[in-house]
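Residues per chain are reported as follows:
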Amino acid sequence: VQEYFSADEAEVYKQKDQLVIRLKGMRFAVGKSEITPENYDLLANYSVQADRITAVGFGSTRPIASNETAEGRAQNRRIDVIIQPQKPGR
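In this text, all values refer to a predicted model and were calculated from it rather than measured experimentally.

Participant: So what about the overall build of the chain? Which residues, and what values?
Facilitator: A tally of helices and strands in the chain yields one helix and three strands. Each helix (α) and strand (β) of the chain, taken in turn from the N terminus, gives the series β-β-α-β. Each principal axis of the C-alpha atoms in the chain carries an extent, and together these give about 45 × 30 × 25 Å. Residues classed as buried in the chain amount to 17% of the 90 residues present. Long-range pairs, those at least 24 residues apart, make up 38% of the contacts in the chain with a sequence separation of at least 6. Within the structure as shown, the chain displays about 7500 Å² of accessible surface, and the carbon and sulfur contribution to it stands at 51%. Separation between the mean location of the 13 positive side-chain charges and that of the 12 negative ones in the chain comes to 8 Å.

Written out as structure tokens, the structure reads:
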């Protein structure tokens, strides 16, 4: 999966039985959650069925960097795509 992205666009790693794709290249305006057209190329191309996607927002409750600096706040405005193994019966 890492081969689909440049180092500036995303980092890909495994966390337990999940694959995490952290879309580092996607930027948000302060206080906004809109995905702008220049970021569309980083997202899935409708190949995943909508009922298999769940969106969860954590706001400031799960920072990955300090909110004391502008750089840290920018890192915290992010999208993590988490791919989980399929549960039996799905």
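After presenting the structure, the write-up continues.
Participant: Explain unusual backbone geometry residue by residue, including any values.
Facilitator: A positive phi is found at Lys16, a non-glycine position, where the angle reads about 55°. Mapped onto the elements of the fold, Lys16 is located in the loop between strand E1 (11-15) and strand E2 (18-22).

Participant: Give a detailed account of the pairing of E1, specifying residues and quantitative values.
Facilitator: Sheet topology places E1 next to E2; five bridges connect them, and they run antiparallel. Across the sheet, the residue bridging to Gln15 is Gln18, located in E2. Two successive antiparallel strands, E1 and E2, enclose a turn made up of two residues, where Lys16 displays a positive phi of approximately 55°.

Participant: Help me get a handle on the sheet that holds E2, residues and values and all.
Facilitator: Spatially, three strands are ordered E1-E2-E3 in an open sheet, and the strand pairing comes out antiparallel. The strands lining the two open edges of the sheet, one partner per strand, are E1 and strand E3 (80-83). The sheet shows a mean angle of 20° between the axes of neighbouring strands, taken without regard to direction. Where E2 and E3 come together, four bridges link them in antiparallel fashion. Its bridge partner being in E3, Val20 is matched across the sheet by Ile82.

Participant: Any chance you could break down the nonpolar core for me, citing the residues and the numbers?
Facilitator: Among the nonpolar cores identified, the biggest contains eight residues, and these are Phe5, Ala10, Ile21, Leu23, Met26, Phe28, Leu42 and Ile79. For Ile79, the residues in contact, after removing those within four places along its chain, are Ile21, Arg22, Leu23, Met26, Phe28 and Ile35.

Participant: Please give an account of a nonpolar patch on the surface that cites residues and values.
Facilitator: Taken together, the side chains of Ile35, Tyr40 and Leu43 make up a nonpolar region of the molecular surface, amounting to roughly 260 Å² of accessible area. Positionally, Tyr40 belongs in the loop between E2 and helix H1 (70-76).

What counts and how
Residues numbered from 1 in each chain as written. Predicted model: local features only at pLDDT ≥ 70, side-chain atom pairs only at ≥ 80, totals over all residues. Heavy atoms only, no water. Helix = DSSP H or I, 4+ residues; strand = E, 2+ residues; numbered from the N terminus. Buried < 20%, exposed > 50% of the residue type's maximum accessible area, 1.4 Å probe, protein only. Contact = heavy atoms within 4.5 Å. Areas by Shrake-Rupley, 256 points an atom, 1.4 Å probe, with all protein chains shown as cover. Lys, Arg positive; Asp, Glu negative; His and termini not counted. Charge placed at Lys NZ, Arg CZ, Asp CG, Glu CD. Pairing = 2+ DSSP bridges. Axes fitted to C-alpha atoms, helices over the stretch in contact; angles between N-to-C directions. Core = buried A, V, L, I, M, F, W, Y, C linked by side-chain atoms within 4.5 Å. Patch = residues over 30% accessible without salt bridge, like charges linked within 9 Å, V, L, I, M, F, W, Y side chains within 5 Å. Salt bridge = Lys/Arg side-chain N within 4 Å of Asp/Glu carboxyl O.

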